[in-house]
Amino acid sequence: VKRIGVLTSGGDAPGMNAAIRAVVRAGIANNIEVFGIYNGYAGLVKGDIKPLTNSDVGGIINRGGTFLGSARLPEFKNIEVRELGVEQLKKHGIEALVVIGGDGSYMGAKKLTEMGINCIALPGTIDNDIVSSDFTIGFDTALNTVVDAIDRLRDTSASHARCSVVEIMGRHCGDLTVWGAIASGAEELIVPEKGINMDEIVAQIEEGKKRQKKHFIVTLAELMTDAHELAKEIEKRTGVETRATVLGHTQRGGAPTAADRVLAGRMGAYAVDLLIEGQGGRCVGIRDNKLTHYDILEALDLPRVFDETLYNLAKQLS
Ligand code: ADP
């Protein structure tokens with residue numbers, strides 16, 4: 001393989017830049033020309049494609065977001081639209097692609113492979129919701145952002161003896177909330193895998209009151225219930241003044257942590273190795289700290305296993 005492309009797609013995540021940098025530098029080190037495709041599949045279809053040099057990806061390892069831009073293009077599900085993308089690649093002599101994104105982007109990569117463009121997908125999302133990898137690029141950074149935010153909320157909650165409901169991202173995956181709850185010492189955690197048990201939350205706060213606790217942190221995964229309504233309900237039932245904070249998109253930004261940069265570097269270089277081997281339609285994962293790869297369709301079919309031990313630990317240590 002002589003020419004490859006790299007693109008970021010779907011929701012952005014800190015560490016995507018580090019992954020692009022790794023693909024470019026590992027490619028060039030193997031005498032492969034690397035092209036940046038701007039704005040995901042949308043830019044692919046439009047032909048927004050430029051060659052990248054080692055210096056083009058200098059000074060980005062520490063930057064959040066993705067300098068290539070990301071976009072959503074639902075029409076990419078249509079073969080006629082994908083054909084436009086394939087034409088653009090052929091025009092530039094690009095034979096294979098590295099796609100950095102979430103599971104939607106993985107499907108696009110699989111379908112492009114079926115059309116003759118070998119694609120390797122890397123897990124780039126803060127949600128950690130890609131089952132074929134223990135960790136996704138961006139998760140550790142978002143987790144640190146969550147913990148920093150909760151530390152701050154704890155200061156002010158404790159000063160006023162208030163309860164804080166903190167809404168955390170993760171789509172339908174509770175990992176960011178579970179890890180965030182453990183790392184911040186939250187009193188309660190509410191995750192989609194377990195549902196909401198109001199009586200348990202109230203009992204936990206009542207128990208804390210008896211111990212003269214000065215603050216209560218209730219972490220809540222997004223898309224489960226309205227954080228402000230939950231705060232009202234807690235206040236009504238416990239008499240403890242309660243405020244809600246929705247962390248929102250702050251969780252998606254910021255300089256990637258060292259762990260995310262290293263993960264992105266390892267995965268980016270590994271993707272190039274797989275393309276050199278002639279692999280396509282595969283996605284990279286990390287399992288027990290070893291890089292591995294799966295067929296994309298098999299990966300998307302893997303059942304999600306919720307880490308009960310970690311969840312119980314969060315409960316036990318609260
Ligand atoms: P993420 O990759 O973060 O899960 P999306 O689900 O929005 O984000 O997917 C990103 C993009 O991947 C979509 O905008 C679309 O262009 C492409 N995509 C998603 N699903 C498919 C599919 N079934 N076939 C082809 N392309 C898809």
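About the cut-offs
- Residues numbered from 1 in each chain as written.
- Predicted model: local features only at pLDDT ≥ 70, side-chain atom pairs only at ≥ 80, totals over all residues.
- Heavy atoms only, no water.
- 1 Å grid on protein atoms, 1.4 Å probe; cavity = no way out; pocket = protein on both sides within 12 Å on 5 of 7 lines; lining within 4 Å.
- Points joined across faces, edges and corners; volume = space filled by probe spheres on them.
- Helix = DSSP H or I, 4+ residues; strand = E, 2+ residues; numbered from the N terminus.
- Nonpolar A, V, L, I, M, F, W, Y, C, P; charged D, E, K, R; others polar.
- Pairing = 2+ DSSP bridges.
- Axes fitted to C-alpha atoms, helices over the stretch in contact; angles between N-to-C directions.
- pLDDT = per-residue confidence, 0-100.
- Salt bridge = Lys/Arg side-chain N within 4 Å of Asp/Glu carboxyl O.
- Buried < 20%, exposed > 50% of the residue type's maximum accessible area, 1.4 Å probe, protein only.
- Expected span 1.5 Å × (residues − 1).
- Near = heavy atom within 4 Å.
- Polar contact = N/O pair within 3.5 Å; in protein donor to acceptor, adjacent residues only side chain to side chain.
- Areas by Shrake-Rupley, 256 points an atom, 1.4 Å probe, with all protein chains shown as cover.
- Sits in = over half its atoms within 2 Å of the grid points.
- Contact = heavy atoms within 4.5 Å.
- Phe/Tyr/Trp six-rings, centres within 6.5 Å; stacked < 30°, edge-to-face > 60°.

A few words on the layout of surface pockets. By volume, the largest pocket amounts to about 610 Å³. Around the largest pocket, the lining comprises 31 residues; the ones closest to its centre are Gly10, Arg72, Gly104, Ser105 and Arg171. Sorting the residues of the lining of the largest pocket by element identifies α2 (40-46) and α4 (103-114) as the ones contributing at least two each. Among the elements that make up the lining of the largest pocket, the one with the highest residue count is α4 (six residues). Lining the second largest pocket are 17 residues, and of these Asn128, Ser133, Asp134, Asp175 and Val305 lie nearest its centre. Residue composition of the lining of the second largest pocket, by class: nine nonpolar, two polar and six charged.

As a further point, take the sheet that holds strand β8 (residues 216-221). Read from one edge to the other, the open sheet built from four strands follows the order β7-β8-β6-β9, with strand pairing classed as parallel. Only two strands of the sheet have a single partner each, and these edge strands are β7 (188-190) and β9 (242-246). The sheet shows a mean angle of 20 degrees between the axes of neighbouring strands, taken without regard to direction. In terms of strand pairing, β7 meets β8 through three bridges, oriented parallel.

Further remarks concern the confidence of the model for the chain. Summarising the model, the chain shows a mean pLDDT of 97, and 100% of its residues fall at 70 or more. Here the predicted complex scores 0.97 on pTM and 0.97 on ipTM.

On to the pattern of salt bridges, then. Evaluation of the coordinates by the stated rule reveals 19 salt bridges. Here Arg152 and Asp148 are joined by a salt bridge, their closest N and O atoms 3.1 Å apart. Remark: Asp148 and Arg152 occur in helix α5 (residues 139-160); sequence separation between them is four residues, near one turn of the helix. Across the pair Lys315 and Glu188 runs a salt bridge, and its minimum N-O distance is 3.2 Å. Taken together, the positions of Lys315 in helix α11 (residues 308-317) and Glu188 in strand β7 put the pair 127 residues apart, joining distant regions of the chain. Classification of Lys315 as partly exposed rests on a relative accessible area of 24%. Salt bridges here are not isolated pairs; linked through shared partners, they connect Asp127, Asp129 and Arg171.

It is worth spelling out α5 at this point. For an α-helix, 3.6 residues make a turn, and residues three or four places apart therefore share a direction. Under the 1.5 Å per step criterion, the end-to-end length of α5 is 31 Å for 22 residues, consistent within 8% with the ideal 32 Å. All of the buried residues along α5 are Phe139, Thr141, Ala142, Leu143, Val146, Val147, Ala149, Ile150, Leu153 and Ser157. Trailing α5 by a residue or two, Ala161 shows a phi angle of about 50 degrees, which is positive.

Our focus in this paragraph is the site of the ligand. The local shell around the ligand holds 17 residues, among which Arg72, Leu73, Gly102, Gly104 and Ser105 are the closest. Separating an oxygen atom of the ligand from a backbone N or O atom of Gly102 is a distance of 2.9 Å. Note that an oxygen atom of the ligand is positioned 3.2 Å from one of the side-chain N or O atoms of Asp103. Contact with the protein chains covers 87% of the free accessible surface of the ligand, which is 560 Å². More than half of the atoms of the ligand fall within 2 Å of the grid points belonging to the largest pocket.

The next point concerns the sheet that holds strand β4 (residues 96-101). The strand order across the open sheet built from seven strands is β3-β2-β1-β4-β5-β10-β11, with neighbouring strands paired in mixed fashion. Pairing within the sheet leaves two strands with one partner each, and these edge strands are β3 (49-52) and β11 (290-295). When strand polarity is set aside, the average angle formed by the axes of neighbouring strands in this sheet is 30 degrees. Bridge count for strand β5 (residues 118-123) against strand β10 (residues 282-287) is two bridges, and the pairing is parallel. Pairing of Ile120 across the sheet is with Arg282, part of β10. Along the sheet, α4 contacts β4, β5, β10 and β11; its crossing angle with β5, the most-contacted strand, is approximately 165 degrees.

So, on to the packing of aromatic side chains. Geometrically, a pair of aromatic rings is defined through the distance of the ring centres and the angle of the planes. For the structure on display, the rule yields six aromatic pairs. A centroid spacing of 5.5 Å and a plane angle of 85 degrees characterise the contact between Phe135 and Trp179, whose relative ring orientation is edge-to-face. Here Trp179 lies in helix α6 (residues 175-184) and Phe135 lies in the loop between β5 and α5, a separation of 44 residues in the sequence. The exposure class assigned to Phe135 is partly exposed, which follows from its relative accessible area of 32%. The class of Trp179 is partly exposed, set by a relative accessible area of 30%. Members of the aromatic cluster, connected to one another through ring pairs, are Phe135, Phe139 and Trp179.

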